[in-house]
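For reference, the chains in residue letters:
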Amino acid sequence: MKRRQFLTLTAATLAAPALLTRRAVAAEPGAPLPIPQVMEVGPGAGNTLTAMKGTRAFIDGTASNTLGYEQDYLGPLLRFQRGRTANIDVVNRTDDPITAHWHGMHVPGHLDGGPQLAFDPGKTWSPELPVDHPAATLWYHSHVHGRTADQVYRGLAGMIIIDDPDVVDPLPRDYGVNDFPLIVQDRSFDRSGRMTYDLGMMDMMLGFRGSEILVNGAIRPKLTVPAGLVRLRLLNASNARMYNFSFTDGRQFHQVASDGGLLPAPVAMESLRLAPAERAEIVVDFTDRSAVRLVSRNVSSGGMMGGGGIMGGGDNAAPLDIMSFDVGGAAAIGPVTLPASLPSDMSDLGAPVRTRDFTLNVHAGSMIGSMFNNLIGRDGQIMGINGESYDMGRIDLTVPMGETELWRINTDMMVHPFHVHGTSFQVVKMGGRPVDPKQVGLKDVVLVEGATEILVRFDKQAKNETPFMYHCHILEHEDAGMMGQFTVG
Ligand code: C2O
Ligand code: CU
Ligand code: CU
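Residues numbered from 1 in each chain as written. Chains lettered and ligands numbered in written order. Predicted model: local features only at pLDDT ≥ 70, side-chain atom pairs only at ≥ 80, totals over all residues. Heavy atoms only, no water.

1. Thoughts on the overall build of the protein chain
- Looking only at helices and strands, the protein chain features 6 helices and 35 strands.
- Residues classed as buried in the protein chain amount to 58% of the 489 residues present.
- If you sum the accessible surface of the protein chain, you get close to 18000 Å²; carbon and sulfur atoms cover 50% of it. (Helix = DSSP H or I, 4+ residues; strand = E, 2+ residues; numbered from the N terminus. Buried < 20%, exposed > 50% of the residue type's maximum accessible area, 1.4 Å probe, protein only. Areas by Shrake-Rupley, 256 points an atom, 1.4 Å probe, with all protein chains shown as cover.)

Here it is, written out as structure tokens:
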């Protein structure tokens, strides 16, 4: 960013954040929802996940330069089975180092795909994943330090479904029929319809927000569902945008799973908030056959705390269209009623044996700081945790295996989605208030908007060379250093 540009932006920013809203392209919504191809990954050779360059015309036939796994943008839906090894060859045919991080999966550090496991173009990484994880909706994405935001933005991400053959849930489970993946992202496009990722000052501070909503890579698509119960696996794969999902007719739906697997019982709701990297499985009843749209309404805490302030985060007050549904001729398929309880894997973690404190920092004076860092071409100095910016060569914590800990997470300025590798945790306090972990479910991301407490235990090893990460999942914050790393042993 040139200096003159910066000054203009700052003035505009402080006076009227709305001026920063990117021009919305007149995109044609309503293409059919793309359903990612399934790649069943089991033991043995033959499962290749090639990261490649591509082009995709998101708008009006204008090609954008993209990245994908096995395709031009995003990747196949990987299906792993609990208790069965998954062998996968990740091939790098891009121009830069990449990784494949199995976000949410309980695997040891050397298989986790974190920043230390970046590998160069032309190389292949062949992890053998012991799948020891309850049935869940997870995802995968590149995780190269300093490049994650850009690589995920361009397309290096996809969904993972873990099946547990011993625990068959009594929910809709016919993929592409009454069970759908919904990968929600926001992207910006220039006047010609080309996808763009230009970071301005506000994007560095608050994270990048695009002007268009994509689901599974298509702009505000349309899905025809059967007249019955339908399961939607929602993944917020946006770099920074938060969503508060609801249906235009205000219908009730049930959340049945969160990040790490099934809830103990369905939870009824009319709206659902998802921060970046969070997942939720919901079951929606389409028996009434009425067409409806999924929207996101006004997330007040999208930016600075106390939302609505001078930097309220740019989330618009009008509902944001996500996608639309109509009901096809087919009669109900699968279960017709929701069970009262679900075969959740949530267990009692017991009393914590120690407590750790984390504060997510946007350093004081960071507006000025980041301006100068930008001008002199240095970055990574403004975001941190407990006063320190991420350093690949520094281990921040050494955590003993198999012991329950209480992690208290605070933020000094903005709200941040805090993510921990290698395990699922239980949330006991959010926004300063106690919560019932059973309502929230097994998590690997928690939105920190005030005093937050989680109970966490690690059962997988992570050594010095390949530690686990904890970080803000606003990808621009993560890349700027709001990340730490720890060993488990
Ligand atoms: Cu989505 Cu460190 O990960
Ligand atoms: Cu992760
Ligand atoms: Cu953050």
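On we go from here.
2. Considerations on the side chain of Ser 296
- Considering the arrangement of structural elements, one finds Ser 296 in strand β23 (residues 292–296).
- By relative accessible area, Ser 296 is classed as buried at 4%.
- Within the structure, Ser 296 has its side chain in polar contact with the backbone nitrogen of Asn 244 (distance 3.0 Å). (Polar contact = N/O pair within 3.5 Å; in protein donor to acceptor, adjacent residues only side chain to side chain.)

3. What about the coordination of the copper ion (ligand 2)?
- Only His 101 (NE2) and His 419 (NE2) from the protein coordinate the copper ion (ligand 2), and they sit 2.0 Å from it. Taken together, the residues span a long stretch of sequence, with His 101 in strand β7 (residues 101–103) and His 419 in strand β29 (residues 416–420) at a distance of 318 residues.
- Residue His 419 is classed as buried on the basis of its relative accessible area of 1%. (Donors = N, O, S within 2.8 Å, 3.2 Å for Na, K, Ca; no water.)

4. Describing the sheet that holds β7
- Across the sheet, which stays open at both edges, the 5 strands sit in the order β1-β4-β11-β10-β7 with mixed pairing between neighbours. What marks the edges here is a single partner per strand, and that holds for β1 (38–40) and β7. Within this sheet the neighbouring strands show an average axis-to-axis angle of 30 degrees, counted without direction.
- Two elements, strand β10 (residues 136–141) and strand β11 (residues 157–163), share 6 bridges in a ladder whose sense is antiparallel. Pairing of Leu 138 across the sheet is with Ile 160, part of β11. (Pairing = 2+ DSSP bridges. Axes fitted to C-alpha atoms, helices over the stretch in contact; angles between N-to-C directions.)

5. Remarks on the packing of aromatic side chains
- On inspection of all chains with the given rule, the structure shows 24 aromatic pairs.
- Consider the rings of Trp 407 and Phe 486, whose centres lie 5.9 Å apart with planes at 75 degrees: the pair is edge-to-face. Taken together, the residues span a long stretch of sequence, with Trp 407 in strand β28 (residues 405–411) and Phe 486 in strand β35 (residues 483–488) at a distance of 79 residues. Note on accessibility: Trp 407 and Phe 486 belong to one class, buried.
- Of the aromatic side chains, those joined through ring pairs into one cluster are Phe 358, Trp 407, Phe 418, Phe 458, Phe 468, Tyr 470 and Phe 486.
- Its guanidinium or amino end placed over the ring of Tyr 153, Arg 187 lies 4.3 Å from that ring's centre, counting from NZ or CZ. (Phe/Tyr/Trp six-rings, centres within 6.5 Å; stacked < 30°, edge-to-face > 60°. Lys NZ or Arg CZ within 6 Å of the ring centre and 35° of its normal.)

6. Some remarks on the pattern of salt bridges
- Following the criterion strictly, the structure yields 32 salt bridges and no others.
- The salt bridge partner of Arg 147 is Asp 96, with a shortest N-O separation of 3.2 Å. Here Arg 147 is found in the loop between β10 and α2 (148–154), whereas its partner Asp 96 is found in the loop between β6 (89–93) and β7, with 51 residues between them in sequence.
- For Arg 147, a relative accessible area of 34% puts it in the partly exposed group. (Salt bridge = Lys/Arg side-chain N within 4 Å of Asp/Glu carboxyl O.)

7. Observations concerning the environment of Asn 386
- Checked against the element boundaries, Asn 386 lands in the loop between β26 (383–385) and β27 (397–399).
- Of the residues examined, Asn 386 reaches a relative accessible area of 42% and is grouped as partly exposed.
- Linking Asn 386 and Asn 410, residues 24 residues apart in sequence, is a C-alpha distance of 9.7 Å.
- Leave out the neighbours within four places in its chain, and Asn 386 touches Asp 357, Phe 358, Thr 359 and Asn 361.
- A polar contact of 2.6 Å, which involves the side chain of Asn 386, links it to the backbone nitrogen of Thr 359. (Contact = heavy atoms within 4.5 Å.)

8. A short note on the environment of His 110
- Note that His 110 resides in the loop between β7 and β8 (124–125).
- On the accessibility criterion, His 110 (46% relative accessible area) is partly exposed.
- Contacts of His 110, omitting those with residues within four sequence positions, involve Leu 117, Trp 125 and Thr 466.

9. Some remarks on the sheet that holds strand β25 (residues 354–362)
- A sheet is described by the order of its strands in space; here 6 strands give the open sequence β26-β25-β28-β33-β30-β31, paired in mixed fashion. Of all the strands in the sheet, just β26 and β31 (433–434) have a single pairing partner and so form its edges.
- Relative to β31, strand β30 (residues 426–430) runs antiparallel, the two sharing 2 bridges. The residue of β31 that forms the bridge with Lys 429 is Pro 434.

10. Some thoughts on the pairing of β30
- Strand direction decides the pairing type here: β30 and strand β33 (residues 452–456), joined by 3 bridges, are antiparallel. Among the inter-strand pairings, Val 427 is bridged to a residue of β33, identified as Ile 454.
- Linkage of β30 to β31, two consecutive antiparallel strands, is achieved through a turn of 2 residues, within which Gly 431 is found at a positive phi near 55 degrees.

11. A short note on the pairing of strand β20 (residues 261–269)
- Inspection of the sheet shows strand β19 (residues 253–258) paired to β20 by 5 bridges, in the antiparallel sense. Counted as the bridge partner of Gln 255 is Val 267 from β20.
- Between the antiparallel neighbours β19 and β20 lie 2 residues.

12. Quick notes on the environment of Gln 116
- With respect to the helices, strands and loops of the structure, Gln 116 is situated in the loop between β7 and β8.
- Using a relative accessible area of 23% as the deciding quantity, one classes Gln 116 as partly exposed.
- Between the C-alpha atoms of Gln 116 and Val 144, which are 28 residues apart in sequence, the distance is 7.9 Å.
- In this structure the side chain of Gln 116 is engaged in a polar contact, spanning 3.3 Å, whose partner is the backbone oxygen of Met 392.

13. Looking at the nonpolar core
- Among the nonpolar cores identified, the biggest contains 35 residues, and Trp 407, Phe 418, Val 420, Tyr 470 and Phe 486 are the most heavily contacted of them.
- In terms of residue count, the dominant contributor to this core is helix α3 (residues 201–206) (4 residues).
- Beyond its immediate stretch of four places on either side in the chain, Phe 486 contacts Ile 395, Leu 397, Val 399, Trp 407, Val 420, His 421, Phe 458, Ala 462, Pro 467, Phe 468, Met 469 and Tyr 470.
- Judged by nonpolar contacts, the second largest core, of 32 residues, contains Leu 182, Ile 213, Leu 223 and Val 230. (Core = buried A, V, L, I, M, F, W, Y, C linked by side-chain atoms within 4.5 Å.)

14. Description of unusual backbone geometry
- Backbone geometry places Leu 74, a non-glycine residue, at a positive phi of 60 degrees.
- Locating Leu 74 in the fold gives a position in the loop between β3 (62–69) and β4 (77–81).
- Overall, the relative accessible area of 4% leaves Leu 74 in the buried class.
- Residues other than glycine seldom take positive phi values, yet Arg 220 does so here, at roughly 35 degrees.
- Within the fold, Arg 220 resides in the loop between β15 (218–219) and β16 (222–225).

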